[in-house]
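So you can see what is in the structure, the chains are spelled out below.
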Amino acid sequence: MSKEPSHIVIRGARHHNLQIDELRLPKLSLTVFTGVSGSGKSSLAFDTLFAEGQRRYVESLSSYARQFLGQLEKPAVEHISGLSPTIAIEQKTAASNPRSTVGTITEVQDFLRVLFARLGRQHCTDCGAPVEALSSAEIMARLKQLSGKQLLLAPLFEQRKGEHRDLLESLRQRGFVRVRLDGEVVRLEGLVALDKKRKHQLELVVDRFSPSRVSLQRLTDSVETALREGQGLLLAQSATGGEALRLGRARACAQCQIAFPALTPQHFSFNSPLGMCPACNGLGVQTQLDPKLLVPDDRLSLRQGALVPYASVMARGSGISFGIFDALRKELGLDLDAPWRSLPKRQRELVLYGTKDRRVAVSWEGTHGRVSWPMQFEGVVNLLMRRFRETKSEEMRRHYASFMGESPCPDCGGARLSPIARSVRLATLSLDRLSALPVAEAAKALEQLELTASERQVGGELLREVVSRLEFLDSVGLGYLSLERSGATLSGGEAQRIRLAAQLGSELSGVLYVLDEPSIGLHPRDTQRLVETLERLRDSGNTVIVVEHERGTIEAADHIVDFGPGAGRAGGAVVFEGTPRQLLTADTLTGGYLSGRLVVAEPRERRAGKGELLLLGASENNLKELDVAFPLGTLTAVTGVSGAGKSSLVSEILQPELSRRLHNAQGRVGSFRSLQGADAIDKVVLVDQSPIGRTPRSNPATYTKAFDEIRQLFAQTPDARALGYGPGRFSFNVADGRCGACEGDGVKRVEMHFLSDVFVTCEICAGRRYDEATLAVKYRERSIADVLETSVDDALELFAAFPSLVATLKTLADVGLGYLHLGQPAPTLSGGEAQRVKLSRELARRDTGRTLYVLDEPTTGLHFDDVAKLLRVLGRLVDAGNTVIVIEHDLDVIAAADHVIDLGPEGGSSGGYLVVAGTPEQVASCEESHTGRALRALQRRGLGGSQYKPTRSARGRVKKDA
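Model, not experiment: these values are computed from the prediction.

Scanning the protein for helices and strands turns up 35 helices and 37 strands. Here the C-alpha atoms of the protein give a radius of gyration of 33 Å, agreeing with the 30 Å that 2.2 N^0.38 yields for 962 residues. C-alpha atoms of the protein, sized along the principal axes, occupy 100 × 95 × 70 Å. Going through the 962 residues of the protein one by one, you find that 52% of them count as buried. Working note: accessible area of the protein is about 43,400 Å², and carbon and sulfur atoms make up 48% of it. Positive and negative charge centroids in the protein, built from 121 and 116 side chains respectively, lie 4 Å apart.

Structural data, given as C-alpha cells:
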C-alpha cells in the first residue's frame, strides 16, 4: 500500500505573475498565504491549486458527464503532486434570490421543518387552542348547520406531480363518478391520466346534498365514505363558492369547529404552496408605497410640500387635488401649515389611508365656475397605488415606483409562513419565533426543550443535528444572525463563514480547503474563535490553506508562505516560507510589521473637528435611540463587534439622509429623530464594495474614464488616421473593431450545471477582444489589447507625456492598485479592490473641501503595507478639509483615526448602544469596550498606538523610533 504524501508539491507555477520553481506545502496543516495585494496569493491558492483540483475532478467523471461540463483549462503549472480533493470557500455574496435565508443556505431549515412536522403540536389559527379530533357525530352536526347546496369532498392529495393512473382506475372500479381536479369538477369517465409535469390538487366528489333536506342515513354514509377516502379529513364546499370548510377526525378545533390537515414538512416551507403565506407568497415582504418616501422630510408642512407627489399641487393652491386637502382642513381640522411630524397620528393616517366611510365636501374651480362635490377620500397611499396598477404609461409607473419600498407583510409580519405553520408549537416555540432569534439564542432555546421519552426517540437525532449546526455558526462569529435573515443582505465575509460552518457540519476528511480572507467583517474579539474553527477543520484530517492578512490568523498558522516582494510584475515570488516565529526575523514586509520593526503610520496629533454632524434618535434595526456626533474635518472610525449596528447607523441612516438632502436621492432612510449640522456638507460620496460592473466589459480603465483618453490617443496615431479610425474603433463595446465571436468580452461563459460557471478564453481572438485590423494600430509598439494588459504602474511610464491621463492613473497607484491591469475584468476584482477603484475615481475629481466620504471596511484584502498607503490617501482627503467616516475593524486604522465611535457592547439584540466615543486613547481606556481592549493589547505588544511617531519620508511604512 502506497503511503499518503506528506506534502503538496508545486513545480513551475507561472499563472498570472507567479514565478515559483518549486514549493512544498505540508498536508494536514493550517497554511497561510500572505503578502502585499497583487503579490500572487490568490493566483496560487485559487487559480492554480483549486482550479487544478476542480479540473482533475471533472476528468475523473465519465465521458457522458464530461460532455455536459465542457473542458476546463489547465492552470499554468508544470506539475502538482499530492493534491487532495479541493473545496474553495470564497468571498462570494450569498444568493440574491429573495427566498434565500440563512436557514435555507445552511440547510438548518430543512431539519427544522421535519422536526416541527413530527413533534410540533398544532393550535387553532383563530382562537389558539390546541387542536383536537372530532367524532363522526360532531362532523355531521357541523354539516347540518350549513345552508344551501353543498359539495362533500374527500381530499386525495395536494400539490403533487404524476399521472396517477392507478388511483383514477381504482376510483372508477369502486363506483365513483366525479372528482374535483385543480378546483374544477370533472367526470372520472375519460380521465385516464393527469399531466405529469404539473402539480395537481385532487379531491373525490362523494355527494351533493342540501343540509336541510338530506336524510340522516345518507349523510352518515357520505361522511363515513369521505373520511375513509380522505384519510380522516373531508371538505364541504358551498355551491355558491367561497372557502371550503375542513372537518376531520384527526385535527380540529372544538371551539371554532375547523379541521386542519395532517402536518408534513412542506407545511413549514415558505417555498411550498402548502407552507407559504398566501398574502406575500412566502417572501415575507410586500412592495407598496412607503410613507417615508412619500414624506421624506417631516419638518415640512403639507403646504410647503411635505407630501412629495402633491408638492406642486399644494404650491399652486388650486385644482381638485388641492380641493381635497382644503376639505380635510375645513371638515376634519387638518392643519396645512403645521410640520408633518407635529400633526396628530390620526390626521396623518387620514391623509395617507383615507377617510374610510366618511365623505367630505370637495370644491374646486371648474370651467363653468366653482364646483362642490361630496366624496370619500381614499388616501394618498391607496390613490397612488391604484394609479400605479391602472396606468399604461411606463414613465408614470416609474414615477409611482420611486415612492415604493418593501415592508413586512401585514398578514404574516415577515414570517413568510402560512397561519397553519405559525400555529404549530414545539413546547412554547413556533417556527417563525425560533427563526427570528439570533443563532446563539436559538441553539440555547432548543437545548433547553423538555421532551418526553417518546418524543426524544423520534426527534432526538434531528434536534442534535440542528443544535450542532447552530453552534457551528456561532463558532465562526455569526451568533448574532437569525435564521430568517435574507441571504441577499449578507456581506461576502458573512456568506463565506456560513459556508465554512456548513463544511464543519459535513465532517469530511482528506480534503484541501482553500479560503479567501475568512476574517473579513470580524471584530478582533472574534478572530480567536475563527482560528479555533480553522484548527478544528485541520484536526479533522484536512489540509487548510488560507489567504489572509489578519495578524491573529497569521500567528496561529502551522506554516506561512509570504509572497512578494512587490505587486504585479514585481511580485509572484515566495520571499519567505516557514513558521510564524521564523517570520518575525525574516527580512520581509510582513515580518517587519508582525515583529514591530515597522508600524502603520498614525498622525502626530489628532485633528480637531470643525463642527459636527449630530444625529439624534437613531433607532433603525437594533439601534437603541442613539444620539451620535460625527466631527467634521476628521477621520472617524465607527467600530464594534459584528451586528453591533455600525451599518445601520452609517449606511442606512446617515448616508441615505444626506444623499436625500444634498442630491435628492429617493432611497429609503432608516428611522431617526433629527440630523443637525448637514449645512456644512455640500456632497456625500459612498465608496462601498459593490462591483464596478457585472460583465468582463467593465474594468478599472473604463470605470475611471482613463480608457476614454487612451482611445483618443490611439485615434491620433498615424496608422489610425490613415485608416480613418476614430476613438469608437478602439472600444470593445462597438461592433466595428471588436472580435465578433466573443463580442469584445475576450472570454465565453461555459455553464457548468452543478459546478460554478467558468469563463473560457475566446478561441478566435485569444482573449484580446479586438479584430486583427484594430490590433494592427500601435502606440509605442503596443496595440490597444496590449495596453489593456498593461499594469497601472507600467502605464504611468508608458503615458508619462500626457499629464491628464497620468493624474487619473496615479490615483489608482496611490490606493495600492498599481499592480492591476488596466483591462482587468470587473468580475475578477475582489470587493476590496472594487472599493479602492471607486476611491481612486473620487480622488481624481475636484472637491470643495466640504465633502463627506463614507467607506465600509476599506481595508478588505489589504496587507499592512497597503493599509499604510490607504491611510495616507484618506489623510490627504481630510487635510483638504473633507470628512471621512469608515466602518472598520482593522486596529491600525482605528488607532490612526481622529475620532472613534464604538457601538455594542455585543451584536444583535444585545447591541445598538453607544459604548464609547472619543479619541483612540479614550476608547482604549474604556473597560466595557471590546475595541478598547483590542487597542490596549496592540499597544502592549508594541505594534501601534500614540507612542509611535510617524515620519513623512517613510512612504507608508513607519520605523519605530529607537
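Read on, since the account is not over.
Turning our attention to the environment of Leu-294. Note on placement: Leu-294 falls in helix H8 (residues 291-294). Between the C-alpha atom of Leu-294 and that of Gly-305, which follows or precedes it by 11 residues, the distance is 10 Å.

Turning our eyes to something else, we now look at the packing of aromatic side chains. All told, the structure shown has 11 aromatic pairs when counted by the stated rule. Taken together, a centroid distance of 5.5 Å and an interplanar angle of 50° make the contact between Phe-714 and Phe-730 tilted. One end of the pair, Phe-714, is in helix H25 (residues 706-715); the other, Phe-730, is in the loop between helix H26 (718-723) and strand S31 (747-750), and 16 residues separate them in sequence. Through a chain of ring-to-ring contacts, the aromatic side chains of Phe-714, Tyr-725, Phe-730, Tyr-779, Phe-799 and Phe-802 assemble into a single cluster. The ring of Phe-388 has Arg-397 lying over it, and the distance from NZ or CZ to the ring centre is 4.3 Å. Here the guanidinium or amino end of Arg-841 rests over the ring plane of Tyr-703, the centre of that ring lying 4.6 Å away.

Quick look at the packing of H25 against helix H30 (residues 803-814) now. Two elements in contact, H25 and H30, have axes whose closest approach is 10 Å; the angle formed by their N-to-C orientations is 150°. Of the possible angle classes, the one that applies to H25 and H30 is roughly antiparallel. In terms of crossing hand, the pair formed by H25 and H30 is left-handed. Contact residues: Ala-706, Glu-709 and Ile-710 in H25; Ser-804, Leu-805, Thr-808 and Leu-809 in H30. Here the contact of H25 with H30 is built from residues that sort into 4 nonpolar, 2 polar and 1 charged.

The final tally for this structure, using the stated rule, is 0 disulfides. The cysteine Cys-762 is free of any disulfide, with Cys-765 supplying the nearest cysteine sulfur at 3.8 Å.

Now for unusual backbone geometry. Residue Pro-565 follows Gly-564 across a cis peptide bond; omega there is 0°. Within the fold, Pro-565 resides in the loop between strand S23 (559-564) and strand S24 (573-578). Look at the link from Gly-904 to Pro-905: it is a cis peptide, with omega at 0°. Summarising the element assignment, Pro-905 is placed in the loop between strand S35 (899-904) and strand S36 (913-918). With a phi close to 55°, His-16 is a non-glycine residue in the positive phi region. The class for His-16 is exposed, based on a relative accessible area of 60%. At Glu-107, a position not held by glycine, the phi torsion is positive, near 70°. Here Glu-107 is to be found in the loop between helix H3 (102-105) and helix H4 (108-119). Among the residues examined, Glu-107 registers a relative accessible area of 40% and is labelled partly exposed.

When the terminal C-alpha atoms of helix H7 (residues 216-229) are compared, their 20 Å separation across 14 residues agrees well with the 20 Å that a helix rising 1.5 Å per residue should span. Leu-219, Ser-222, Val-223, Thr-225, Ala-226, Leu-227 and Glu-229 are the residues of H7 that are buried. Elements that come into contact with the buried residues of H7 comprise helix H5 (136-144), strand S7 (150-160), helix H6 (165-173), strand S10 (200-209), strand S11 (233-238) and strand S12 (245-248).

Here we take up the pairing of strand S21 (residues 512-516). Burial analysis of S21 places 5 of its 5 residues in the buried class, which makes it a mostly covered element. Here S21 shows no split at all, with Leu-512, Val-514 and Asp-516 on one side and Tyr-513 and Leu-515 on the other all buried. Bridge analysis of strand S5 (residues 86-89) against S21 gives 4 bridges, and the strand direction is parallel. Bridge pairing in S21 links Ile-89 to Leu-515. Here 5 bridges tie S21 to strand S22 (residues 543-547), and the two strands are oriented parallel to one another. Pairing of Asp-516 across the sheet is with Val-547, part of S22. Note that the unit made of S21, helix H19 (residues 524-539) and S22 has a crossover that is right-handed.

Each value, and the rule that gives it
- Residues numbered from 1 in each chain as written.
- Predicted model: local features only at pLDDT ≥ 70, side-chain atom pairs only at ≥ 80, totals over all residues.
- Heavy atoms only, no water.
- Helix = DSSP H or I, 4+ residues; strand = E, 2+ residues; numbered from the N terminus.
- Rg over C-alpha atoms; globule rule 2.2 N^0.38 Å.
- Buried < 20%, exposed > 50% of the residue type's maximum accessible area, 1.4 Å probe, protein only.
- Areas by Shrake-Rupley, 256 points an atom, 1.4 Å probe, with all protein chains shown as cover.
- Lys, Arg positive; Asp, Glu negative; His and termini not counted.
- Charge placed at Lys NZ, Arg CZ, Asp CG, Glu CD.
- Phe/Tyr/Trp six-rings, centres within 6.5 Å; stacked < 30°, edge-to-face > 60°.
- Lys NZ or Arg CZ within 6 Å of the ring centre and 35° of its normal.
- Axes fitted to C-alpha atoms, helices over the stretch in contact; angles between N-to-C directions.
- Parallel < 35°, antiparallel > 145°, perpendicular 65-115°, else oblique.
- Left-handed = near helix turned anticlockwise from the far one by under 90°.
- Contact = heavy atoms within 4.5 Å.
- Nonpolar A, V, L, I, M, F, W, Y, C, P; charged D, E, K, R; others polar.
- Disulfide = S-S within 2.5 Å.
- Expected span 1.5 Å × (residues − 1).
- Pairing = 2+ DSSP bridges.
- Right-handed = clockwise from strand over helix to strand, strands pointing away.

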